[in-house]
Amino acid sequence: MTDKATMIVDKDFQIGEVDKRIYGSFIEHLGRAVYGGIYEADHPQADEQGFRSDVLELVKGLDVPIVRYPGGNFVSGYNWEDGVGPVDQRPKRLELAWRTIEPNWIGFNEFMDWCKKANTDAMMAVNLGTRGIDDARNLIEYSNHKSGSYWSDLRIQHGYKDPHNVKTWCLGNEMDGPWQIGHKTSVEYGRLANETGKAMRWVDPTIELVASGSSFIGMPTFPEWEATVLDLAYDTVDYVSIHQYYGNSQNDTSNFLAQSISMDSYINTVISTCDYVQAKKRGKKKINLSFDEWNVWYHSNAQDKKLDPWQIAPPQLEDVYNHEDALVVGCMLISMLKRADRVKMACIAQLVNVIAPIMTQNGGPAWKQTIYYPYMHASIFGRGTVLVPLVKSPKHDTKDFTDVPYLETVAVHNEEKEEVTIFAVNRNIEEALPFEIDLRSFGAFTVSEHIVLEHEDLKMTNTAEAPNRVTPHTSGNAALADGGKIQATLSKASWNVIRIKLT
Ligand code: AHR
């Protein structure tokens, strides 16, 4: 075993309230996310609308508060009008972002129905690639205006009497990326986002708007992009989005597990940029972050290159996740919690089949990938106030990072439930890590549960045939020790949830 790691938390030293929307997710018209994922009309478990009830159950198990839709790169070429009205009259389109055929069997109204069934809210994105102000203001009128206008009356004619009242709207997607249909410079995008947001707010002043930020930390335009876009759209937007995916294509697990360190600095840099613009504007409004695409993504890259174009719902981006991926997802969740004061929304990308915690077979079962578990634990137990973690941990160097703490951890205090939950990853892939937790200000407490996700084989996956090879157990050894501290052993390469009941 390595030297001990320690954490001190005090209930009065707080980072901020967790906005539950940081446990959001994402459904794009891409691969089998929609067709074969949330929807499969002839599946034995399809409901009356064709939504897979087995998938809905797994989604509900995650308690997902918000789901971004309909893209992603897809939205930058999408005509939302294609997806409303009688299904048999909807056009099939060439979908240029992913080079598929989009049949439009599911569109905005059906997605809103699905959200109700999944107990979640929608985060809608508008097309600022091929389209702009006019379509965005029409869509929000269709969605949120009660009645008595062309687009609101059309919604009613389509069978939706009540407005959908979608509150959160993304102004385009990854507009900084040359791969995006209608890619723009920061000035072109900043102006368009501002003007589009203004018009949308004139239709519905209660909405929240998310400006499109950098596609990943390595973008050559980062963070100048955020500075320019916010300079042009500060008065109109409430959030700036950022995206990040990690991968282990070099098969260097220690380096892979350390990558969330760069997520910490990514988040901190974007917060500084938001604050710089606020200061420059002498503004009152704080711009917060919507980390609305994040995950591990690399397993499916080679396979995707072999797919023929122009199919309906081909198996694109179907990463099969292993145990080490779940640890990285755990570290990424901890990174966001550590800035819960400013990261107010986030979406694991995506939810079903496409780089997703839930997988399905067409006509077959649905199951939980390894990454389902840290995401579920954080969503279920990680609500409340994040406490400042004073952490000491043994460290190591990896190929790209120095002084990487073996321990990645954060504590969340749920006052209402009288609980403290500690999330912890042991990045050491060789040895267990002794962990001591000092909850000095909390009075009396007991350890109610120590959940552990571990596996001897870091590459182990869950599949349709073997869906439970990587699952958590509750035999972790966290316990109250002499001196009132909690002592635990974190198994090598493990994700841990230590639940403490305040008494
Ligand atoms: O989530 C998959 C894709 O990743 C999204 O469409 C795009 O926004 C990002 O590049």
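Each value, and the rule that gives it
- Residues numbered from 1 in each chain as written.
- Predicted model: local features only at pLDDT ≥ 70, side-chain atom pairs only at ≥ 80, totals over all residues.
- Heavy atoms only, no water.
- UniProt positions renumbered as here; feature names shortened; annotations may be inferred.
- Axes fitted to C-alpha atoms, helices over the stretch in contact; angles between N-to-C directions.
- Helix = DSSP H or I, 4+ residues; strand = E, 2+ residues; numbered from the N terminus.
- Parallel < 35°, antiparallel > 145°, perpendicular 65-115°, else oblique.
- Left-handed = near helix turned anticlockwise from the far one by under 90°.
- Contact = heavy atoms within 4.5 Å.
- Nonpolar A, V, L, I, M, F, W, Y, C, P; charged D, E, K, R; others polar.
- 1 Å grid on protein atoms, 1.4 Å probe; cavity = no way out; pocket = protein on both sides within 12 Å on 5 of 7 lines; lining within 4 Å.
- Points joined across faces, edges and corners; volume = space filled by probe spheres on them.
- Phe/Tyr/Trp six-rings, centres within 6.5 Å; stacked < 30°, edge-to-face > 60°.
- Near = heavy atom within 4 Å.
- Polar contact = N/O pair within 3.5 Å; in protein donor to acceptor, adjacent residues only side chain to side chain.
- Areas by Shrake-Rupley, 256 points an atom, 1.4 Å probe, with all protein chains shown as cover.

The chain goes by non-reducing end alpha-L-arabinofuranosidase in an unreviewed UniProt entry, where it is assigned to Paenibacillus endophyticus. According to its UniProt record, the chain has this under Pathway (unreviewed entry): "Glycan metabolism." Under the heading Subunit (unreviewed entry), UniProt records this for the chain: "Homohexamer; trimer of dimers."

A.B. asks: Whenever I open this one, the packing of helix α3 (residues 133-144) against helix α4 (residues 150-157) confuses me. Can you help?
C.D. replies: Relative placement of two packed helices is described by the angle separating their axes and the distance separating the axes. Their axes nearest at 7 Å, the elements α3 and α4 cross at an angle of 50°. Put simply, α3 runs oblique to α4. In the packing of α3 onto α4, the handedness of the crossing is right-handed. Residues Asn-138, Glu-141, Tyr-142 and Ser-143 of α3 pack against Tyr-150, Trp-151, Ser-152, Leu-154 and Arg-155 of α4. By residue class, the composition of the contact of α3 with α4 is four nonpolar, three polar and two charged.

A.B. asks: Looking at this structure, I do not really get the layout of surface pockets. What am I missing?
C.D. replies: Where empty space is left in the structure can be found by rolling a water-sized probe over the atoms. Considering only enclosed or pocket space, the largest pocket measures out at about 310 Å³ in volume. Considering the residues around the largest pocket, the lining is formed by 18 residues, among which Met-112, Asp-121, Ala-122, His-164 and Asn-165 are closest to the centre. Listing elements by their share of the lining of the largest pocket, those giving two or more residues are α2 (108-117) and β7 (121-126). Here the lining of the largest pocket takes three residues from α2, the largest share from any one element.

A.B. asks: Hey, could you run me through the environment of Val-404 in this one?
C.D. replies: Mapped onto the elements of the fold, Val-404 is located in strand β18 (residues 404-405). With residues near it in sequence (within four places) discarded, Val-404 still touches Ala-258, Ile-261, Pro-394, Lys-395, His-396, Thr-398 and Arg-427.

A.B. asks: So what exactly am I meant to see when it comes to the packing of aromatic side chains here?
C.D. replies: Applying the stated rule across the entire model yields 17 aromatic pairs. Measuring from centroid to centroid gives 4.8 Å for Tyr-245 and Trp-297, while their planes differ by 85°, and the two rings are edge-to-face. With a gap of 52 residues between them, Tyr-245 in strand β10 (residues 239-246) and Trp-297 in the loop between β11 (288-296) and α9 (301-305) connect regions that are remote in the sequence. Pairing Phe-256 with Tyr-298 gives two aromatic rings, centres 6.2 Å apart and planes at 70°, and the pair type is edge-to-face.

A.B. asks: Can you walk me through empty space enclosed by the protein in this structure?
C.D. replies: Under the definition given, this model contains three cavities of 30 Å³ or more. When its volume is computed, the largest cavity comes out at roughly 100 Å³. Lining the largest cavity are 14 residues; nearest its centre among them are Tyr-78, Trp-80, Ala-125, Asn-127 and Leu-139. Among the elements of the structure, β7 and α3 are those that each provide at least two residues to the lining of the largest cavity. When grouped by side-chain class, the residues that make up the lining of the largest cavity number eleven nonpolar, one polar and two charged. One number sums up the size of the second largest cavity: a volume of about 80 Å³. Across the lining of the second largest cavity, the residue classes break down as seven nonpolar, four polar and one charged.

A.B. asks: Can you help me understand the site of the ligand in this one?
C.D. replies: What surrounds the ligand is a group of 13 residues, the closest being Glu-28, Asn-73, Glu-174, Tyr-245 and Glu-293. Contact distances for the ligand include 3.0 Å between an oxygen atom and a side-chain N or O atom of Asn-173. Take Tyr-245: an N or O atom from its side chain is 2.8 Å from an oxygen atom of the ligand. Considering the ligand on its own, with 280 Å² of exposed area, one finds that the protein chains cover 96% of that surface. Split by residue class, the shell around the ligand holds six nonpolar, four polar and three charged.

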